[in-house]
Amino acid sequence: MKYITLEKNPNIKINKKIEYFYNPDYIYIPFDNKAKINVDSLVLKDMPLGEGISSVSGKILGISDVYNKQNKTKALVIANDFREKCAKIKKRKDNIDILSLVKSVSLYDEKLFNIFKSLNKVERIIINAIDDELYVANNIINFKENINDVLEFLDKLIFLYKAKETLIVIKNTESELIEECLDIIGSYPLIKLTLLENVHLLSQKEFLLNKLKVSENNTLYLTMNDLVKLEKIVNYNLLDSTKIITICGDLVQESKVIIVKKYTLLKNIITKYITIKDNNYILICNSLINGFRCNLDLVITDDINVIYIMKEKLVEEEACIKCGKCLSICPKNIDIVDHLEKNKKCKLCLKCGLCNYICPSHINLTKVLKGDD
Ligand code: SF4
Ligand code: SF4
């Protein structure tokens, strides 16, 4: 396993000042086109609807075509009445035990349920607050926004699972973001903050645990975003109605971190907050290395973290010049050229996209190694 450092693009400026977009006129909840809809019916915030849970109160206007990640789909259009009338009263639970925690999680989040359902002995809790994307710090920002609730809840987890060691892990390049939180963190003596060097792929569990030299056995591993979500589910039986996204890129006048209502349309966010320097741009979602092209009709769901607005570069795939850059960057030390020459797949490949990113011949190497785009 190899750790590499990526260089930043000097044309992408970072600004971590937070904006809040809690009052979109409409939200767009992806839904199964076969489901019956009642136009003009009232919707409450936190009400299950389509493939999600409404993040506003209002009424159903009809349906519209949108993009849910890369897929074109139908969405229920909800006109926001700005009243925030909730389907549930936000009431904090007093007593939480492991059984009630697992039960709450089973109702709201499959991924978290899979983590907690078979958890027995917990020696340590690792909270990964690292984002691999060079221009993104959504995990840390989410922590800062919810710091008191999160630390209190983490303390409760330590007590429930009798963990001996608990670490919140961040990159040393992000320490200034967290400086103003140090006093609060210091008042939880069982929680330690660990700073790691700025290398790529630490957002992945395998790479982080290896770097920390800790075994996966008896480790409760969560990302910070998971922990923030878990706190709301367990303490309130609620899902967060908001999402943090970063919008940046070489054609963005001023990058922004924006907390938006889930299911807001990207178009509405960009119109309100972003000045684009040139009309000839492309939108890339989640990563410049292995993200995907998107358009303005993208709906902001839990899976969307960053939107890059970039100059369009027309590149053509050329023959391999055997420069060796792909091998030198591959975290799994795969002999990529050999696989390319023999058109051979590779089980070890993580599909991290670093080889594609570095290849001067613009060869889609992950397609060769994994057999898809
Ligand atoms: S980086 Fe691209 S051009 Fe260089 S050896 Fe690898 S495949 Fe060939
Ligand atoms: S995507 Fe490329 S760099 Fe990443 S593991 Fe696979 S072969 Fe290696």
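Please read all numbers here as calculations on a predicted model, not as lab measurements.

**Q** Let's hear about the nonpolar core: which residues, and what values?
**A** Within the largest apolar cluster, 85 residues are counted, with the highest numbers of intra-cluster contacts made by Y28, I127, A129, I245, V299 and I307. Apart from residues no more than four positions distant in its own chain, I127 is found in contact with L154, L167, I168, V169, L222, M224 and L227.

**Q** Got a sec to walk through the site of ligand 2? Specific residues and values, please.
**A** Around ligand 2 there are 16 residues in total, and C330, C349, C352, L354 and C355 lie nearest to it. When contributions to the shell around ligand 2 are tallied by element, the ones reaching two or more residues are helix 12 (354-358) and helix 13 (365-370). A class-by-class count of the residues in the shell around ligand 2 yields 12 nonpolar, 2 polar and 2 charged.

**Q** Residues and numbers for the site of ligand 1, please.
**A** Around ligand 1 there are 16 residues in total, and C320, C323, K325, C326 and C359 lie nearest to it. For the shell around ligand 1, the elements supplying multiple residues, two or more each, are helix 10 (325-329) and helix 11 (336-342). Considering every element that reaches the shell around ligand 1, the biggest residue donor is helix 11, with 3 residues. Looking at the shell around ligand 1 residue by residue, the class counts come to 12 nonpolar, 2 polar and 2 charged.

**Q** Can you explain the domain arrangement of the protein chain? Please cite residues and give values.
**A** Each domain of the protein chain was delimited in the assignment, giving domain 1 (18-87 + 240-311), domain 2 (98-236) and domain 3 (325-370). Computed from C-alpha atoms alone, the centre-to-centre distance between domain 1 and domain 3 is 34 Å.

**Q** Report on the pairing of strand 6 (residues 58-68), specifying residues and quantitative values.
**A** In terms of strand pairing, strand 3 (residues 42-43) meets strand 6 through 2 bridges, oriented antiparallel. Paired with V43 across the strands is G58, a residue of strand 6. Of the strand pairs in this sheet, strand 6 and strand 7 (residues 71-80) are connected by 10 bridges, and their pairing is antiparallel. Within strand 7, the position partnered with I63 by the bridge is L76.

**Q** I'd like a description of the packing of helix 3 (residues 138-145) against helix 8 (residues 224-236), backed by residues and values.
**A** Running from amino to carboxyl end, helix 3 crosses helix 8 at an angle of 35°, the nearest separation of the two axes being 8 Å. Seen from above, helix 3 lies across helix 8 with left-handed handedness. Where helix 3 approaches helix 8, its residues N139, N142 and F143 are matched on the opposing element by M224, N225 and V228. Looking at the contact of helix 3 with helix 8, its residues break down into 3 nonpolar, 3 polar and no charged.

**Q** Tell me about the sheet that holds strand 8 (residues 124-128), and name the residues and values.
**A** Strands in a sheet are paired, the pairing made by backbone hydrogen bonds, and the direction either parallel or antiparallel. Taken in spatial order, the 4 strands of this open sheet run 10-9-8-11, and their pairing is parallel. Edge positions in the open sheet fall to strand 10 (191-196) and strand 11 (219-223), since each of these has one partner strand only. Ignoring which end each strand starts from, the neighbouring axes of this sheet average 20° apart. In terms of strand pairing, strand 9 (residues 165-171) meets strand 10 through 6 bridges, oriented parallel. Note that in strand 10 the partner of L167 across the bridge is K192.

Quick notes on the rules
- Residues numbered from 1 in each chain as written.
- Chains lettered and ligands numbered in written order.
- Predicted model: local features only at pLDDT ≥ 70, side-chain atom pairs only at ≥ 80, totals over all residues.
- Core = buried A, V, L, I, M, F, W, Y, C linked by C-beta atoms within 7 Å.
- Buried ≥ 20, exposed ≤ 12 C-beta atoms within 10 Å, placed from the backbone.
- Contact = placed C-beta atoms within 7 Å.
- Near = placed C-beta within 6 Å.
- Helix = DSSP H or I, 4+ residues; strand = E, 2+ residues; numbered from the N terminus.
- Nonpolar A, V, L, I, M, F, W, Y, C, P; charged D, E, K, R; others polar.
- Domains from an automatic or database assignment.
- Pairing = 2+ DSSP bridges.
- Axes fitted to C-alpha atoms, helices over the stretch in contact; angles between N-to-C directions.
- Left-handed = near helix turned anticlockwise from the far one by under 90°.

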